[in-house]
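Chains, contacts and geometry: an overview
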Amino acid sequence: MNAEVPSPVRSVARPGHVAGAIAQLAAMSLIGPIVFTVLFLLLGLGLGLLPALGIGLLFLIALSYAILGVGRLETARIDGLYGFGVPVARPRTSGRPGFGGFLRTLWLQATDPTSWRGIANFSIATILGWITVALASVAASGVVMAFAPIFAESSTVRIARVGIEVPIAWSIAVGIIVLIVAIAGIIGVAVLHGVIARAIIVPSREAQLAEAARTADAQHAGAVRAADVERTRIERDLHDGVQPRLVSVGMTLGLAQQKIDSDPEAARALIDEAHTSTKAAITELRQLARGIHTSVLDDRGLDAALSALAARSVVPVRLDVRLDGRCSRETEAAAYFAIAEALTNAAKHARATEIRVVVRRREPGVLWARVEDDGVGGARVVPGGGLDGINNRVIAAGGETRLDSPVGGPTSVEVTLPCAS
């Protein structure tokens, strides 16, 4: 799968964008202070209560998720307003199991540049929102000044927010000028908001190309490793299973040939044994071919293929698949083999009594799968092992894998893949 480079960003000075920015900046002048009050309150409580049996750690964890949420929401707000086409950033995870992996994930999320760019833009938008509201009050003052000669009882009129006194004789002209300048200022602030947001939120073209290159390199490396692991598995299965059986068939037929004249009954028994071994070898070859590719996946889709897979599992499998359409062939194959390998690992190593498989289409363009067993846990990614093969296949398809397997269980493997149909 090739990495895509986001399209060039759009203009921020279109009338619709300017009007939307003005409305949102006005709202930000009210929302911004509330959000930052909550963030600083969590920070203060976290640092202040940290010595008290680590209670402050809960507030710091909440702060980490709050920063992540505000940053992602701000990015979504800017992208929704201007249509920059900013790619959806997935939460960063350490991929490590246990409490240590959880803390590492929190640190990665707290230091995520995407979130902090969103926080920075949120701060600037709040300040620009205050300026927008102030200019709006100045514009309203200009309207009042333009009509001041009709109702004014004094000889002067004051401009709001500025405090300048203007004689009634000049109020109409000054009021119109103030109104025009204030409206121009509001429009200028809205355009400035778009320019700053584009500079902060949208990665530069060089950064986009560099990220696309890194993604392509990671996918290529994952594909190479997956192919190497798969080749090793096929060689091992042929060497340890089918090859010895075929050699045994050849030796049995040779013995039958030697005995066919002197002892026909023994020769017939040997031929029957060779026939049984041949059928077993054919079954093993079919299973090996099914491990390379399953035809039902192409013919009937992922749901049917997983149903057949669950039926063959030696451990009972509860299957929960809810898909509203087909994904690309590469995505479905990666998801199928990841689930198949996870079931195999659970049956071989986890001593599980039940496995639950959940597959969903999440946000548009994302296929998510989770395999969880009630086994002993303690699973680790070993180079060349089954979990390493899952990770390589998923990376090659442009997705991500998450393993959570504390000692004592349960073990869960989550797979997220782009679902290009």
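The structure we're discussing is the one just above.
Quick notes on the rules
- Residues numbered from 1 in each chain as written.
- Predicted model: local features only at pLDDT ≥ 70, side-chain atom pairs only at ≥ 80, totals over all residues.
- Heavy atoms only, no water.
- Helix = DSSP H or I, 4+ residues; strand = E, 2+ residues; numbered from the N terminus.
- Buried < 20%, exposed > 50% of the residue type's maximum accessible area, 1.4 Å probe, protein only.
- Contact = heavy atoms within 4.5 Å.
- Areas by Shrake-Rupley, 256 points an atom, 1.4 Å probe, with all protein chains shown as cover.
- Expected span 1.5 Å × (residues − 1).
- Right-handed = clockwise from strand over helix to strand, strands pointing away.
- Pairing = 2+ DSSP bridges.
- Core = buried A, V, L, I, M, F, W, Y, C linked by side-chain atoms within 4.5 Å.
- Phe/Tyr/Trp six-rings, centres within 6.5 Å; stacked < 30°, edge-to-face > 60°.
- Axes fitted to C-alpha atoms, helices over the stretch in contact; angles between N-to-C directions.
- Parallel < 35°, antiparallel > 145°, perpendicular 65-115°, else oblique.
- Nonpolar A, V, L, I, M, F, W, Y, C, P; charged D, E, K, R; others polar.
- Patch = residues over 30% accessible without salt bridge, like charges linked within 9 Å, V, L, I, M, F, W, Y side chains within 5 Å.
- Salt bridge = Lys/Arg side-chain N within 4 Å of Asp/Glu carboxyl O.
- Left-handed = near helix turned anticlockwise from the far one by under 90°.

Structural notes on the overall build of the protein
A count of helical and extended segments in the protein gives 12 helices and 7 strands. Counting every position in the protein, which comprises 421 residues, the buried fraction comes to 37%. Within the protein, contacts between residues at least 6 apart in sequence are counted, and of these 68% link residues at least 24 apart. In the structure as shown, the protein presents an accessible area of about 22900 Å², 63% of it carried by carbon and sulfur atoms.

Overview of helix α11 (residues 329–350)
Taking 1.5 Å per residue, 22 residues should reach 32 Å; α11 reaches 30 Å between its end C-alpha atoms and fits that length. Looking one or two residues past α11, arginine 351 carries a phi angle of roughly 55 degrees, positive in sign.

Quick look at the pairing of strand β4 (residues 355–361)
The buried fraction of β4 is high, at 5 of 7 residues. Since strand β3 (residues 317–322) and β4 lie parallel, the crossover through α11 that links them has a hand, and here it is left-handed. Bridge count for β4 against strand β5 (residues 366–373) is 7 bridges, and the pairing is antiparallel. In the sheet register, arginine 356 faces β5, and the bridge partner there is glutamate 372.

Details of the nonpolar core
Leu306, Ile339, Leu343, Ile355, Val357 and Val359 are the most contacted members of the largest nonpolar core, which totals 37 residues. The set of elements that each furnish at least two residues to this core consists of α10 (302–312), β3, α11, β4, β5, α12 (386–396) and β7 (411–418). At 12 residues, the largest contribution of residues to this core is made by α11. Those residues within four positions of valine 357 in sequence are excluded, and the remaining contacts are Val317, Arg318, Leu319, Asp320, Ile339, Leu343, Arg370 and Val371.

Some remarks on α12
Inspection of α12 places Leu387, Asp388, Gly389, Ile390, Asn392, Val394 and Ala396 among the buried residues, and these make up the whole buried set. Once α12 ends, the next one or two residues include glycine 398, with phi positive near 85 degrees.

Points about the packing of aromatic side chains
A ring pair, where both rings are aromatic, is described by two values, the distance of the centres and the angle of the planes. Under the counting rule described, the total for this entry stands at 2 aromatic pairs. Ring centres of phenylalanine 36 and phenylalanine 122 lie 5.4 Å apart, and the angle between their planes is 55 degrees; this geometry places the pair in the tilted category. Of the two residues, phenylalanine 36 is situated in helix α1 (residues 15–49) and phenylalanine 122 in helix α4 (residues 113–146); the sequence distance between them amounts to 86 residues. The exposure class of phenylalanine 122 is buried, given its relative accessible area of 6%.

Observations regarding the packing of α1 against helix α2 (residues 55–82)
α2 packs onto α1 with a crossing angle of 170 degrees between their chain directions and a minimal axis gap of 8 Å. In terms of axis orientation, α1 runs roughly antiparallel to α2. Of the residues that constitute the contact of α1 with α2, the class distribution is 19 nonpolar, 5 polar and 2 charged.

Side note on the sheet that holds β7
Read from one edge of the open sheet, 5 strands run β3-β4-β5-β7-β6, paired in mixed fashion. Across the chains shown, the open sheet's two edge strands, defined by having one partner strand only, are β3 and β6 (400–404). Averaged over all neighbouring strand pairs, the angle between strand axes comes to 10 degrees, with direction disregarded. Pairing of β5 with β7 involves 8 bridges; the strand directions are antiparallel.

Brief notes about a nonpolar patch on the surface
A contiguous nonpolar patch, built from Leu41, Leu45, Leu49, Ile55 and Leu58 and spanning about 430 Å² of accessible area, is present on the exposed surface. Secondary-structure elements contributing two or more residues to the nonpolar patch are α1 and α2. The element contributing the most residues to the nonpolar patch is α1, with 3 residues. Examined against the element boundaries, leucine 58 turns out to sit in helix α2.

Brief notes about the packing of α10 against α11
α11 packs onto α10 with a crossing angle of 15 degrees between their chain directions and a minimal axis gap of 11 Å. In terms of axis orientation, α10 runs roughly parallel to α11. At the point where α10 passes α11, the crossing takes the right-handed sense. Seen from α10, the contacting residues are Leu302, Ala305, Leu306, Leu309 and Arg312; seen from α11, they are Glu332, Ala335, Tyr336, Ile339, Ala340 and Leu343. Each residue belonging to the contact of α10 with α11 can be placed in one class, and the counts come to 9 nonpolar, no polar and 2 charged.

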